Amino acid sequence: MKTMHGFALVAVAVVLLALAPLFVSEYWTGVLLGMTGYVTLATAWALFSGPTRYVSLATVAFFGVGAYTVAVLNEVLPYPLVLLSAGGIGMVMALVVGLSTLRLAGVYFVIFTFGLAELVRQTVSWWEVNVTYTMGRYVFLPFEGRHIYWQLLALAVVTFLISWAIGRSRIGLALKAVGDDESVAAHAGVDVTRIKLLLFVISSTIITLVGAIQAPRWTYIEPSIVFNPTVSFMTLIMALLGGAMRLWGPMVGAVPLFLLFEWLSVSFPDHFSIILGLLFILIVFVMPNGVLAKIDDLRKGGRA
Amino acid sequence: MLEHVVNGLVLGGTYALVAMGLTIQYGIARIMNLGFGDTIIAACFATFVLFTTLSINPTVALLILVPAGYLISDVIYRVIMKPLVARAPDEGALEVDSILVTFGLLFVIQGVLLTLFGGGYTSYTFLNTPVNVLGSVVAANRLLAFVLSLVIGGVLVVVLFRTRWGMILRAVALAPKSAPLFGIDTDRAARTAFAIGGAMAATGGVVVSMFQTFTATAGVVFTMKALIVVILGGKGSVPGAVVAGLLLGLVETFVAAYIDPGLTLAAVYTVFLALLLVRPNGIFGKA
């Protein structure tokens, strides 16, 4: 019964959000679009990294691949096929990365993902310069902000549903066991590698799609634009602030931080990264498990 | 051919030097420092400023910047790292926390450098005279950088393996839980190790700036290469860092010379992954 109420509430919220561009200005549609993008990124990131506690710094590698696929294919294929191809490429890439790294212990994984974006960026640049002789591509798709926003909103809803379903399933339970103690989980009969791989692929495919859907916003795309490491950083900090272990956590973190970053990047464009860094350090210090856990703690503390 | 070997060893020498710093920070202080490369770049810019405004010779700059690197890292440890160490329930938690906090640190240092110096490529001309080494021509600044890396790295190895001070540090690296039973102040040892790492990063920065151009945003690549060297060599192993550093320098130089300069990073990654799949604990790592 409670779940049904929850679903109804979420459905109303989604409908309201979907109608919003018809009433608000173009600027605010843009803000909503960016926000939905980051909510999806943070939720997808937490899908894998939250329960397993494998910190992935590779978000922008997949995001950039999605955007770049659209830039390469947008004039040769119809749009739905372009999106499908982007998702497919992201999935294959996640499989390759996953198969070669997920067997490795935590810190190796962090380091590999840390450099993955740089590696992909260099490889794409090299390919464009030496094989296709183009540097930078144009994306001409007849989309306005609200069209992109609706697609992102749909993806966000799907991501939430996946996250919700996994949290309730046996896989979710197995994942929590992996996060608590990987060797214990393995001994208890959990196929650790396979579950990690599955989650990594789902999470990365969604991230690739976010990049692909947002690509038309740039019109001009270049490796240094779409592989900007700040994207990985912001996604991570948002999920952490809200709490990566909870369904609503990434969203609770993403919305205020996105608005804050939007304001900061307009008001202090030159000092943006300094403020971002300090904010990050502060969040790790004050709320290691996220806002939602902090609120829970405070509540329990109040009662005890 | 010989020319590439010499150049590869010169480059590898600096990689080994900075990786030694990182491996000491990670092996003894248990802090995975993602801001390490940005510390190197900060030292590059500091050398640049000292050289161009006060015309201080980079070798003399070492005498200023290496102690500065030590002191600043000591303060960073006291202010940022120690609370994390105190709060972490186990090693894994500290590892994750330190990664996250130093990721923030990376952006702060990079942001400061960008505000001060902008995003362009920077370099200065120092000792750019050709020298003949075994029949191939090398720039004198590269040769000096190599010699400095060897001497400083060598001194560090001697200190670590031949002095009581070094023994204390190694004891903490080997058995952090039992070291206090022998009257070792592990907190102080960790702080010292972190500070030595910072001093080595500063050394690396001064040395690299002698023969390479640098930008405010190049720190990430340095951190990655240093991390790869650390892992290839085996976490916490100083001899491993030296061997892996030289190997990486050679691989990079050869790929740049014979295949394509744009693919060095891809090559480095391939070596990294291939070795990890064969020897998951690195060349000198313990199982």
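Since the model is a prediction, treat every value here as computed from it, not as a measurement.

1. Side note on the overall build of chain B
Working step 1: Along chain B, the regular secondary structure elements total ten helices and two strands.
Working step 2: When the helices and strands of chain B are read in sequence order from the N terminus, they spell out α-α-α-α-β-β-α-α-α-α-α-α.
Working step 3: In terms of overall dimensions, chain B is globule-like: its C-alpha atoms have a radius of gyration of 18 Å, near the 19 Å expected for 287 residues.
Working step 4: Across its three principal directions, the C-alpha atoms of chain B cover 55 × 45 × 35 Å.
Working step 5: Every one of the 287 residues in chain B was classed for burial, and the buried ones make up 55%.
Working step 6: Residue pairs in contact within chain B that sit at least 24 positions apart in sequence constitute 76% of those at least 6 positions apart.
Working step 7: Total accessible area on chain B is roughly 11,700 Å²; 69% of this is exposed by carbon and sulfur atoms.

2. With respect to the pattern of salt bridges
All names here are of chain B.
Working step 1: For the structure on display, the rule yields six salt bridges over all chains.
Working step 2: We note a salt bridge from Asp74 to Arg191, for which the minimum N-O separation is 3.4 Å. You can see Asp74 sitting in helix H3 (residues 58-87) and its partner Arg191 sitting in helix H7 (residues 186-211), a full 117 residues away along the chain.
Working step 3: By relative accessible area, which is 12% here, Asp74 ends up buried.
Working step 4: The buried category is assigned to Arg191, whose relative accessible area is 16%.
Working step 5: One network of salt bridges, in which partners are shared, links Asp74, Arg78 and Arg191.

3. Thoughts on unusual backbone geometry
Working step 1: Of note, the phi angle at Thr219 of chain A is positive, near 55°, even though the residue is not glycine.
Working step 2: Residue position: Thr219 of chain A is located in the loop between helix H9 (192-214) and strand E2 (220-221).
Working step 3: Classification of Thr219 of chain A as partly exposed rests on a relative accessible area of 39%.
Working step 4: One non-glycine residue, Ser55 of chain B, lies in positive phi territory at about 40°.
Working step 5: Structurally, the position occupied by Ser55 of chain B is in the loop between helix H2 (36-54) and H3.

4. Let's talk about the interface of chain B and chain A
Working step 1: Of the residues lining the interface, 43 residues belong to chain B; the matching set on chain A comes to 34 residues.
Working step 2: Roughly 3,300 Å² is buried in total at the junction of chain B and chain A, and carbon and sulfur atoms are behind 80% of that figure.
Working step 3: On the chain B side of the interface with chain A, the three residues burying the most area are Leu100, Phe103 and Phe107 of chain B, jointly 18% of the side's total.
Working step 4: Linking chain B with chain A are five residue pairs in polar contact (both at pLDDT 80 or more).
Working step 5: If you list the elements that add at least two residues to the side of chain B that touches chain A, you get H3, helix H4 (91-117), helix H8 (219-233) and helix H10 (264-278) of chain B.

5. Focus: the nonpolar core
A general trend in soluble globular proteins is that nonpolar side chains are found buried together.
Working step 1: Judged by nonpolar contacts, the single largest core of 182 residues is most densely connected at Phe114, Leu116, Phe261 and Phe280 of chain A together with Phe103 of chain B.
Working step 2: Examining the composition of this core, we find that 13 residues originate from one element, helix H2 (residues 26-52) of chain A, more than from any other.

6. Quick word on helix H6 (residues 145-168) of chain A
Residues separated by three or four positions in an α-helix point in the same direction, a consequence of the helix having 3.6 residues per turn.
Working step 1: Between its terminal C-alpha atoms H6 of chain A stretches 35 Å, which fits the 34 Å expected from 24 residues at 1.5 Å a residue.
Working step 2: Those residues of H6 of chain A that fall on the buried side of the exposure criterion are Ile148, Tyr149, Gln151, Leu152, Leu153, Leu155, Ala156, Thr159, Phe160, Ser163 and Ile166 of chain A.

7. With respect to the packing of helix H1 (residues 2-28) of chain B against H7 of chain B
All names here are of chain B.
Working step 1: At a minimum axis distance of 7 Å, the contact between H1 and H7 shows a crossing angle of 165°. With respect to H7, the element H1 is oriented roughly antiparallel. Crossing of H1 against H7: the hand is left-handed. On H7, the residues that touch Val10, Leu11, Thr14, Leu17, Val18, Met20, Gly21, Ile24, Gln25 and Ile28 of H1 are Ala189, Ala193, Phe194, Ile196, Gly197, Gly198, Met200, Thr203, Gly204, Val207, Val208 and Phe211.
Working step 2: When the residues that make up the contact of H1 with H7 are grouped by side-chain class, the tally is 15 nonpolar, seven polar and no charged.

8. Focus on the environment of Ala71 of chain A
All names here are of chain A.
Working step 1: Among the secondary structure elements, Ala71 is positioned in helix H3 (residues 59-73).
Working step 2: Counting along the chain gives 15 residues from Ala71 to Ser56, while the straight-line C-alpha distance between them is 25 Å.
Working step 3: Discounting chain neighbours no more than four positions away, the residues touching Ala71 are Arg137, Tyr138, Val139 and Ile221.

9. Some remarks on the confidence of the model for chain A
Working step 1: Averaged over all residues, the pLDDT of chain A equals 82, while 92% of them reach at least 70.
Working step 2: Averaged pLDDT values over the elements of chain A bottom out at 65 in helix H14 (residues 291-303) of chain A and peak at 90 in H3 of chain A.

10. Digging into the packing of aromatic side chains
To describe a pair of aromatic rings, one takes the distance between the centres and the angle between the planes.
Working step 1: A full pass over the atoms with the stated rule returns 19 aromatic pairs over all chains.
Working step 2: Centre to centre, the rings of Phe63 of chain A and Trp218 of chain A are 6.1 Å apart; their planes meet at 85°, and the pair counts as edge-to-face. Highlighted residues: Phe63 of chain A in helix H3 and Trp218 of chain A in the loop between H9 and E2, separated in sequence by 155 residues.
Working step 3: Judged by centre distance (4.3 Å) and plane angle (15°), the rings of Phe45 of chain B and Phe117 of chain B are stacked. A residue pair is termed long-range when its members are at least 10 positions apart, and Phe45 of chain B in helix H2 and Phe117 of chain B in helix H4 qualify at 72 residues.
Working step 4: The buried category is assigned to Phe45 of chain B, whose relative accessible area is 1%.
Working step 5: In this structure Phe117 of chain B comes out as partly exposed when scored by relative accessible area, which is 29%.
Working step 6: In textbook terms, an aromatic cluster arises when at least three aromatic residues are bridged by ring pairs, as seen for Phe48, Tyr54, Phe62 and Phe200 of chain A.

Rules used in this analysis
- Residues numbered from 1 in each chain as written.
- Chains lettered and ligands numbered in written order.
- Predicted model: local features only at pLDDT ≥ 70, side-chain atom pairs only at ≥ 80, totals over all residues.
- Heavy atoms only, no water.
- Helix = DSSP H or I, 4+ residues; strand = E, 2+ residues; numbered from the N terminus.
- Rg over C-alpha atoms; globule rule 2.2 N^0.38 Å.
- Buried < 20%, exposed > 50% of the residue type's maximum accessible area, 1.4 Å probe, protein only.
- Contact = heavy atoms within 4.5 Å.
- Areas by Shrake-Rupley, 256 points an atom, 1.4 Å probe, with all protein chains shown as cover.
- Salt bridge = Lys/Arg side-chain N within 4 Å of Asp/Glu carboxyl O.
- Buried area = accessible area lost by both parts, 1.4 Å probe.
- Polar contact = N/O pair within 3.5 Å; in protein donor to acceptor, adjacent residues only side chain to side chain.
- Core = buried A, V, L, I, M, F, W, Y, C linked by side-chain atoms within 4.5 Å.
- Expected span 1.5 Å × (residues − 1).
- Axes fitted to C-alpha atoms, helices over the stretch in contact; angles between N-to-C directions.
- Parallel < 35°, antiparallel > 145°, perpendicular 65-115°, else oblique.
- Left-handed = near helix turned anticlockwise from the far one by under 90°.
- Nonpolar A, V, L, I, M, F, W, Y, C, P; charged D, E, K, R; others polar.
- pLDDT = per-residue confidence, 0-100.
- Phe/Tyr/Trp six-rings, centres within 6.5 Å; stacked < 30°, edge-to-face > 60°.

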